[in-house]
Amino acid sequence: MSDHTRRSTGWQLEQNAPEAYERYLVPPIFASWADRLVETGDIGEGNRVLDVGCGTGIVARRVATRVGASGYVVGLDSNQGMLAVAKETAAGNQQTLEWRQGDAEALPFADGDFDIVCSQQSVQFFDEPTAALEEMQRVLTPGGRVALSVWRPLEYHPAYVVLAEALEHHIGANAGEMMRSPFPDWDGQDLRTLLQGAGFDDVLVTIEIDSVRYPSVEAFVRREAASSPLAEPIAAVDQAVRHELVQAVADALSEYSDDEGVVSPMESYVITADRS
Ligand SMILES: C[S@@+](CC[C@H](N)C(=O)[O-])C[C@H]1O[C@@H](n2cnc3c(N)ncnc32)[C@H](O)[C@@H]1O
């Protein structure tokens, strides 16, 4: 067990997953990936941009600073709780930002409404990714562009391999499955085929590599749990079981633990493509 884990004083679970997501997962993970996506998407002054599956709005906020007062950004998500946090977090920057509840597979916009459509770490959660990509194509202006990112498979994220296995063992099969769901078993060619099948041209798939760091293994497990649908199944087990879970993750991640906590590689496909 690491010192960080031994110093544990118990485990207070967050009740509000969208707020926990914005507080615990956006700064160490999604913020830097959002910068990368905005850069790759070549978003500029005056662009009309849609962020599909915007969550608590990190990409839309970054885009807003790029498009300026002459452009605008719409963040769309199906989850009202995520949108409520998005609105609150972006308060003061509302003039170019609009938030809409809706389904990626039936976008509530007219044909050609946007210059660029972004989507960060959301396509893997859509029931029908092809239908969503076709919708993105429809709302793009001729010559418009999509900029997407989706995680590489689980095996490229050692901390999450360990967490998924420990969840499966200590909490249950569904918890393990939930932790694996952000990391589908796809490769670059699968994604190229998906985009081409939805009618996009000039598909460019790149592999980007970064890392995530948490101050302790306990913080890693607790923050991931609090910020996701795992909060409920983990809250349902005894405190002793939660301690065993943290212990198992700490033991398995000893090679990724250091004086600053725990660190793990994270890898994503970042994709751009043009409307045909
Ligand atoms: C992992 S979060 C990513 C959020 C955000 N893009 C970010 O980078 O922080 C995935 C988001 O996709 C949203 N989502 C899942 N299915 C959706 C759908 N069919 N239509 C719209 N949003 C959806 C979820 O509600 C969630 O907010």
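What you see as residue numbers is a count from 1 along each chain, following the sequence as written. A pLDDT threshold of at least 70 governs which residues receive local features in this predicted model, and a stricter bar of 80 or more applies before side-chain atom pairs are shown or counted, although totals over entire chains, interfaces and linings include all residues. Hydrogen atoms and water are omitted, and side-chain values are computed over all heavy atoms in the structure.

## Here's the deal with unusual backbone geometry
Piece 1. Positive phi values are uncommon outside glycine, yet Gln-121 reaches one of about 50 degrees.
Piece 2. Only runs of H or I of at least four residues qualify as helices and only runs of E of at least two qualify as strands under DSSP, and these elements are numbered from the N terminus. On the secondary structure map, Gln-121 appears in the loop between strand E4 (114–120) and helix H5 (129–139).
Piece 3. With a 1.4 Å probe rolled over the protein chains alone, any residue whose accessible area is under 20% of its type maximum counts as buried; one over 50% counts as exposed, and the rest are partly exposed. A relative accessible area of 7% means that Gln-121 is categorised as buried.
Piece 4. Backbone geometry places Asp-202, a non-glycine residue, at a positive phi of 50 degrees.
Piece 5. With respect to the element layout, Asp-202 can be found in strand E6 (residues 200–214).

## Some thoughts on the packing of aromatic side chains
Piece 1. Note on aromatic pairs: the rings of Phe, Tyr and Trp (six-membered ring only in Trp) are paired at centre separations within 6.5 Å, and the planes decide the class, stacked below 30 degrees, edge-to-face beyond 60, tilted for the rest. Overall, the coordinates contain 9 aromatic pairs when judged by the stated rule.
Piece 2. On the numbers, 6.3 Å between centres and 35 degrees between planes, the contact of Trp-151 with Phe-183 is tilted. Taken as a pair, Trp-151 in strand E5 (residues 140–151) and Phe-183 in the loop between helix H7 (173–180) and helix H8 (188–197) lie far apart in primary sequence, 32 residues in all. Here Trp-151 and Phe-183 have matching classes, each one buried.
Piece 3. Joined through ring pairs, the aromatic side chains of Tyr-21, Phe-30, Trp-33, Trp-151, Tyr-160, Phe-183, Tyr-214 and Phe-220 make up one cluster.
Piece 4. Sitting over the ring of Trp-33, Arg-36 keeps its end group 4.4 Å from the ring centre.
Piece 5. Note that Arg-152 overlies the ring of Tyr-156, its terminal NZ or CZ placed 3.8 Å from the centroid. A ring is considered to have a charge above it if a Lys NZ or an Arg CZ atom is located within 6 Å of its centre and within 35 degrees of its normal.

## Let's talk about the site of the ligand
Piece 1. The nearness test applies per residue and asks whether one of its heavy atoms lies within 4 Å of the molecule or strand. Near the ligand lie 18 residues; those nearest to it are Tyr-21, Gly-53, Asp-77, Ala-104 and Gln-120.
Piece 2. Within 3.5 Å is the distance limit for a polar contact, defined as a pair of N or O atoms, with the added protein rule that one can donate a hydrogen and the other accept it, and that residues adjacent in sequence qualify only through two side-chain atoms. Within the contact set of the ligand, a nitrogen atom lies 3.0 Å away from a side-chain nitrogen or oxygen of Asp-103.
Piece 3. Between the ligand and Ser-122, the relevant distance is 3.4 Å, taken from an oxygen atom to a side-chain nitrogen or oxygen of the residue.
Piece 4. When the ligand sits alone it has 600 Å² of accessible area, and the protein chains cover 87% of it.
Piece 5. Of all the cavities here, the one that holds the ligand is the largest pocket.
Piece 6. Charged means Asp, Glu, Lys or Arg here, nonpolar means Ala, Val, Leu, Ile, Met, Phe, Trp, Tyr, Cys or Pro, and polar covers whatever is left, Gly included. Class assignment of the residues belonging to the shell around the ligand gives a composition of 8 nonpolar, 8 polar and 2 charged. The Shrake-Rupley method, run with a 1.4 Å probe sphere, supplies the accessible areas, and residue values consider only the shown protein chains as cover. Two kinds of site are reported from a 1 Å grid over the protein atoms alone, namely cavities, where a 1.4 Å probe fits but cannot get out, and pockets, open sets with protein on both sides within 12 Å along at least five of seven lines, and residues are called lining when an atom falls within 4 Å of a point. A molecule is counted as occupying a cavity or pocket when more than half of its atoms fall within 2 Å of that pocket's grid points.

## Topic: the environment of Gln-121
Piece 1. Separated by 66 residues in sequence, Gln-121 and Gly-55 have C-alpha atoms that sit 9.6 Å apart.
Piece 2. Pairs of residues are marked as contacts when any of their non-hydrogen atoms sit within 4.5 Å. Sequence-distant contacts of Gln-121, that is, excluding residues within four places in its chain, are made with Phe-30, Ser-149, Val-150, Trp-151 and Ser-268.
Piece 3. Within polar-contact distance, the side chain of Gln-121 engages the side chain of Gln-124 at 3.0 Å.
Piece 4. A distance of 3.1 Å separates the side chain of Gln-121 from the side chain of Ser-268, its partner in a polar contact.

## Side note on the side chain of Glu-267
Piece 1. Relative to the elements of secondary structure, Glu-267 occurs in strand E8 (residues 261–275).
Piece 2. At 2.7 Å, the side chain of Glu-267 and the side chain of Arg-152 are in polar contact.
Piece 3. In this structure, Glu-267 is in contact with Trp-151, Arg-152, Tyr-156, His-157, Ile-207, Glu-208 and Ile-209, ignoring residues within four places of it in sequence.

## Description of the confidence of the model for the protein chain
Piece 1. pLDDT runs from 0 to 100 and stands for how confident the predictor is about each residue. Per-chain confidence: the protein chain averages 92 in pLDDT, with 94% of residues scoring 70 or above.
Piece 2. Note on residues 1–13: pLDDT under 50 across the span, and 32 contacts to partners over four residues away in sequence or across chains.

## Remarks on empty space enclosed by the protein
Piece 1. Grid points are joined across faces, edges and corners, and a volume is the space filled by probe spheres set on the points. Enumeration according to the criterion identifies 1 cavity of 30 Å³ or more in this entry.
Piece 2. Looking at the largest cavity, its volume works out to about 40 Å³.
Piece 3. Val-123, Leu-133, Leu-148, Val-150, Leu-191, Leu-194, Leu-195 and Ile-271 together form the lining of the largest cavity.
Piece 4. Of all the secondary-structure elements, those providing two or more residues to the lining of the largest cavity are E5 and H8.
Piece 5. In terms of residue count, H8 provides more of the lining of the largest cavity than any other element does, 3 residues in total.
Piece 6. Its residues placed into classes, the lining of the largest cavity shows 8 nonpolar, no polar and no charged.

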